[in-house]
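Spelled out, the chains give:
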Amino acid sequence: MLCCACRGGSGSSTPPLVAGALRGDNVLLVTIDTLRADHVGAYGSARGATPTLDRFAAEGLRFEVAHAHVPMTLPSHTTIMTGLYPIANGVHDNGSFRYDGSKPTLAGELKRAGYRTAAFVGAFVLDARFGLNAGFDLYDDRVQGSSANLEIVQRPAEAVLAPAFAWIAANPEPKNPEPTNENPERRTPNAEPRPWFAWVHLYDPHEPYAPPEPYASRYAQDPYSGEIAYADASLGAFLDRLRAAHALDRTLVVIASDHGESLGEHGERTHGLFAYESTLRVPLILWAAGSIAPGAVAAPARLVDIMPTIVDLVGAPGVSSDGRSLRPVAGGERAEDPGSYFEALNANLTRNWAPLKGLLRGGLKLVDLPLPELYDLNADPTESHNLYAAQRDRARDLESRLDRLNAGASAAPSAAPLDSDAEARLRSLGYVVGAAPRPARSFTAADDPKRLVQLDAMLDAAATALANGDAATAESTLRSVIAQRPDLTIAYDRLAFVLRATGRIGEAVALLDGAARAGHADRALLRSLGAALRDAGEVGRALAVLEPLARENAADGQTLDALGQTYARAGRFREAEDAFRKVLVSSPNASTTWNNLGSLYLAANRTDEALNALAKAVVINPDLPGAHNGLGVAYARKGQFDRAAEEWKKALALRPDLADARANLAKISPR
Ligand SMILES: [Zn+2]
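Caption draft 1: Here's a closer look at the overall build of the chain. Of the regular secondary structure elements, the chain holds 26 helices and 15 strands. Taken across its 671 residues, the chain has 53% of its residues classed as buried. Contacts in the chain between residues far apart in sequence, at least 24 positions, make up 64% of those at least 6 positions apart. With an accessible surface of roughly 27,100 Å², the chain has 53% of that area assigned to carbon and sulfur atoms.

This is how it looks when you write it as structure tokens:
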């Protein structure tokens, strides 16, 4: 199935690709987040955004058809790192799952084979706390910033690549200083130095689409492509520097994406809900100077194949995997299509919508939902013609294969369910928590995400309206969502946020309390209820909700922070401090918690400690008006009025209606 390569053929000076052909070579794995295959020039895009990827594709092996297994960052990278489907590695969603390290990883296997290993990631969703640091000597997850939406906390490509270059440059190149392609001795490793494995993860194409200049102007009408162009250019500069330093002379470079982006197709704006080709199809490129001949491979490739392929090429011991080495098909061997499993369970796990699972094989794609879908991707690449009803036999074959795969799965995945003690306490308050996961086949057409995607768009529209200052539209949109789908927990949470933002705290409490009593409560909703009760002055009820939540999951920083604020409100200083400190042990960059701790110290007249905590808050996140205001108060107490005024001005620049800061500034300003 080799298209145009000259692998092993006449006229090529490149030796045939045998197992262990790259023994002792370095490995550089590049994952570009949210990069749709069809936005890469080498995969047919005319946007001109990817000259670096196109060059490596032209010089290396390009897999024409490569698929991800989950259109979500953490689970998809877990399939890359373990060579296992989510069914086997246990990671199905961002944030609420952690890789438990029980299976071999690419980094771990290369480390065992003598490699130095390092990772440089660009997004909080890949923070070490989620487990992908397994096997890495160094796991650089320094991601600045803070936001309520953890998925948008990121660092730009250049800030990921600079430390990666420094680490690689500090690792001397294995073997001879002037390697030549023809030298038969070249693969004989010297005793030292050790080869390296580096993984760099560039998050830029993920939303929000805000490329820096000149890409913002160049792609003003298509900022998603602008982000791709920025990531590609940054990667190009990084690879050029590595080449100039001879760090790529004996390095296998693997470039892939974790998933694509829907860009409005099938009614989906970004990714994660569906598993159409816009989000499932990814680029996959293998490159090694002088060792891998240029070519394009038509045989299907999968992200679970990356680990077995690398391990095979560098001659490390093989491990059991859901993938297979792509070396034989890259060399032109014919092989049966093993099929590619996929799933998109975020909406099932967070909203109790029907679970989406499916299988790709031989150009056919089955999406197993209450309203099942079957597509012939060769004839219908946009997945517009559902053949399920017309071609039951072909569908049945894929269904039985999918059932066999699922048979190996444990029970329905569930993200951190409440423990029985917490549940009992909350039930005693009249709240019905987290409906038990339903068996997959009990879902009906009404639970199919195709029927519900419109609600997703309405949630988006409400968020946009609120961001634009139109709370009335946000409110009516959310009320309409709840009317259509009363069990959509997140809609109550969002509506309560709107009500609180417009000063209607009593209404927010009533809404959340009613939803929780009606059984529409999850951890996030109960946390919101606790915070709303606190702000409404019902501190006792707030603690009754928040304490069991915090007790049963000591790692839930958001609940601990809300609990700390509630203790502070109740005047229970020591317990408040304890709760905030617990958050900061596991999340030392939680700027809002530093702010809350600083405010607590201020209230307790512990000014030096307040100054220290608030200064930390604004260093991590300079956009916190309350922290600047508090810092001003602390400076004023210490008699440093110039610095105090500076902080209050910063607070007012961020939030002109911050009355405290205005009043503070007026007190020290000459009339
Ligand atoms: Zn991603």
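Caption draft 2: Main features of the coordination of the zinc ion. Protein coordination at the zinc ion comes from Asp 33 (OD), Asp 33 (OD), Thr 73 (OG1), Asp 258 (OD) and His 259 (NE2), with a distance range of 2.0 to 2.8 Å. Counting residues between consecutive donors of the zinc ion along the chain gives the motif D-x39-T-x184-D-H. In this pair, Asp 33 is assigned in the loop between strand 1 (26-32) and helix 1 (51-59) and Thr 73 in helix 2 (residues 73-82), connecting sequence segments 40 residues apart. Judged on exposure class, the residue Asp 33 and its partner Thr 73 are both buried.

Caption draft 3: Molecular detail of helix 20 (residues 557-569). With 13 residues, helix 20 should reach 18 Å at 1.5 Å per residue; the first-to-last C-alpha distance of 18 Å fits that figure. Along helix 20, the residues classified as buried are Thr 559, Leu 560, Asp 561, Ala 562, Leu 563, Gly 564, Thr 566 and Tyr 567. Immediately downstream of helix 20, the backbone of Gly 571 shows phi near 80 degrees, a positive value.

Caption draft 4: Region of the structure containing the packing of aromatic side chains. The final tally for this structure, using the stated rule, is 13 aromatic pairs. Taking 5.7 Å as the distance between ring centres and 85 degrees as the angle between the ring planes, the aromatic pair formed by Phe 124 and Phe 130 counts as edge-to-face. For Phe 124, a relative accessible area of 14% gives the class buried. Pairing Phe 136 with Tyr 139 gives two aromatic rings, centres 5.8 Å apart and planes at 55 degrees, and the pair type is tilted. Exposure class is identical for Phe 136 and Tyr 139. Each is buried. Three or more aromatic residues link up through ring pairs in this structure, and these residues are Phe 136, Tyr 139, Phe 197 and Trp 199. Positioned above the aromatic ring of Tyr 43 is the side chain of Arg 62, whose terminal nitrogen or guanidinium carbon lies 5.0 Å from the ring centre. Above the face of the Phe 165 ring, Arg 241 is positioned so that its terminal group lies 3.7 Å from the ring centre.

Caption draft 5: A look at the sheet that holds strand 3 (residues 66-67). The strand order across the open sheet formed by three strands is 8-3-11, and the pairing between neighbours is mixed. Each of the sheet's edge strands pairs with one partner strand only, and the pair in question is strand 8 (281-282) and strand 11 (301-302). Here strand 3 pairs with strand 11 via two bridges, running parallel. When the sheet's bridge partners are listed, Ala 66 is paired in strand 11 with Ala 301.

Caption draft 6: Summary view of the nonpolar core. By size, the foremost hydrophobic cluster in this structure holds 55 residues, and its most contacted members are Phe 197, Trp 199 and Leu 284. If sequence neighbours within four positions are ignored, Trp 199 has contacts with Leu 29, Thr 31, His 77, Met 81, Ala 118, Ala 119, Phe 120, Val 121, Leu 126, Leu 132, Phe 136 and Tyr 139. Counting residues in each nonpolar core, the second largest holds 52 residues, with Ala 275, Ala 347, Val 481 and Leu 511 among its members.

Rules behind the numbers
Residues numbered from 1 in each chain as written. Predicted model: local features only at pLDDT ≥ 70, side-chain atom pairs only at ≥ 80, totals over all residues. Heavy atoms only, no water. Helix = DSSP H or I, 4+ residues; strand = E, 2+ residues; numbered from the N terminus. Buried < 20%, exposed > 50% of the residue type's maximum accessible area, 1.4 Å probe, protein only. Contact = heavy atoms within 4.5 Å. Areas by Shrake-Rupley, 256 points an atom, 1.4 Å probe, with all protein chains shown as cover. Donors = N, O, S within 2.8 Å, 3.2 Å for Na, K, Ca; no water. Expected span 1.5 Å × (residues − 1). Phe/Tyr/Trp six-rings, centres within 6.5 Å; stacked < 30°, edge-to-face > 60°. Lys NZ or Arg CZ within 6 Å of the ring centre and 35° of its normal. Pairing = 2+ DSSP bridges. Core = buried A, V, L, I, M, F, W, Y, C linked by side-chain atoms within 4.5 Å.

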